[in-house]
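Observations on chain architecture
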Amino acid sequence: MASADSVIITNQLTRKFGELTAVNGLNLEIKKGEIFGLLGPNGAGKTTTISMLTGMLRPTSGSASVHGFDVLHETPKVRKSIGIVFQEPSVDDLLTGRENLQMHALLYGIPASERKSAIDKMLKLVELEERADSLVRTYSGGMRRRLEIARGIMHRPKVLFLDEPTLGLDPQSRQHIWDHIKQLRDETGLTIVLTTHYMDEADLLCDRIMIVDKGKQIALGTPEQLKQNVGHDLVTLKIKNPNLPALQKLGFISGLKQRDGTVTMSVTDIAKNMQKLLNAAGEIESVEVHRVTLNDVFLHYAGHGLEDEHGEGGYFEREMQSQSNRK
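The next thing to look at is the sheet that holds strand β13 (residues 262–267). Within the open sheet, the four strands sit side by side as β12-β13-β11-β14. Their pairing is antiparallel. The open sheet has two edge strands, β12 (253–259) and β14 (283–290), and neither has a second partner. Averaged over all pairs of adjacent strands, the angle between their axes in this sheet comes to 20°, without regard to strand direction. Inspection of the sheet shows strand β11 (residues 233–240) paired to β14 by seven bridges, in the antiparallel sense. Note on β14: the bridge partner recorded for K240 is E283.

Listed below in structure tokens is the structure:
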């Protein structure tokens, strides 16, 4: 049964394009105030899911509701309760930032007496006050994205959908957008749903993540839960005369492999157990720690890495397999 604070609910949500099933039986609940991420490679069904939840695409089967409104039968009410930032740029280059927001205010029926203050508030929120009256065609990619976010929330929606919000941006601009997204949620309690194929974006931003591949849900949870479910951290030590018997007695170590003075092992809770590990290992020359990533999670469930289109997998599994093959 759905929770009372669930803002988005889907039940076997499915979309087919001919013989292709783009989204296959999606079941999810997103709570008020969450930053919820749909993480997966290109073509996984993320944008199709967003399109159905925003009323732009009819489901083939199944159902979904947003803020209590059925996406199929109450589409106008759904659209009034949401904001959306599309994957492709959608602001008007021939208008200024302020004029873009004025047009949006008119379209959403914001009263004339409130428009100026609403626009000024949005420009301040996304730090575009000084460029408000410049043509958008003079904006950087990050500035355009921030303007689109401002436009998407000016009418005070209950849910904001962000489809690949930092696609094509440089690292500094991406960080700037992340900061604004967090600030929005913290200050307004807005529910935010974003799609991304960037692991760091999902890991740093999202309260919970649904990992999707080929239209199917393959994992759901907080970033930490997903990583803990997959395995432990990988530690590689270069040691003179390694004390293997002492290491093998440590209960938090598994999968220990040794070759030419290098010892690789899987370690539970490395932050807690590192000192015990170092004390037992011997004379250590170097230490390398690889934390389990969401790419390793994706590899575990999907059989190929999120960032590896050739399916060669994440560092964790590749390294452990490599160590095993050398034995």
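Additional details are given in the paragraphs that follow.
The next point concerns the sheet that holds strand β3 (residues 35–39). Spatial ordering of the open sheet is given by β6-β7-β8-β3-β9-β10, a layout of six strands whose pairing is mixed. Unpaired on one side and paired on the other, β6 (82–85) and β10 (216–221) mark the two borders of the sheet. Sheet twist, expressed as the mean angle between neighbouring strand axes with direction ignored, is 15°. The pairing of β3 with strand β9 (residues 208–213) spans four bridges and is parallel.

The next point concerns the packing of aromatic side chains. Note on aromatic pairs: each is described by the distance of the centres and the angle between the planes. Inspection of every chain in the model, using the stated rule, returns zero aromatic pairs. One Lys or Arg, R15, reaches over the ring of F17 and ends 4.6 Å from the middle of that ring. In this arrangement the basic side chain of R174 is found over the ring face of Y198, its NZ or CZ atom lying 3.9 Å from the centre.

Between its first and last C-alpha, helix α4 (residues 112–125) extends 20 Å over 14 residues, near the 20 Å set by a 1.5 Å rise per residue. Every buried residue belonging to α4 is among A118, I119, M122, L123 and L125, and all of these are buried. The buried residues of α4 occupy an angular sector of 155° when projected down its axis, which confines them to one face. Residues of α4 that are exposed and point over 90 degrees away from its buried face: S113, K116, K121 and K124. Next to the buried residues of α4 lie α3 (97–107), α5 (141–153) and α6 (171–188).

Where a strand is regular, its side chains alternate between the two sheet faces. Most of β11 sits inside the fold, with six of its eight residues counted as buried. Of the pairings in the sheet, the one linking β11 to β13 comprises six bridges and is antiparallel in character. Bridging across to β13, L237 finds its partner in V263.

Quick notes on the rules
Residues numbered from 1 in each chain as written. Predicted model: local features only at pLDDT ≥ 70, side-chain atom pairs only at ≥ 80, totals over all residues. Heavy atoms only, no water. Pairing = 2+ DSSP bridges. Helix = DSSP H or I, 4+ residues; strand = E, 2+ residues; numbered from the N terminus. Axes fitted to C-alpha atoms, helices over the stretch in contact; angles between N-to-C directions. Phe/Tyr/Trp six-rings, centres within 6.5 Å; stacked < 30°, edge-to-face > 60°. Lys NZ or Arg CZ within 6 Å of the ring centre and 35° of its normal. Expected span 1.5 Å × (residues − 1). Buried < 20%, exposed > 50% of the residue type's maximum accessible area, 1.4 Å probe, protein only. Arc of directions from axis to C-beta. Contact = heavy atoms within 4.5 Å.

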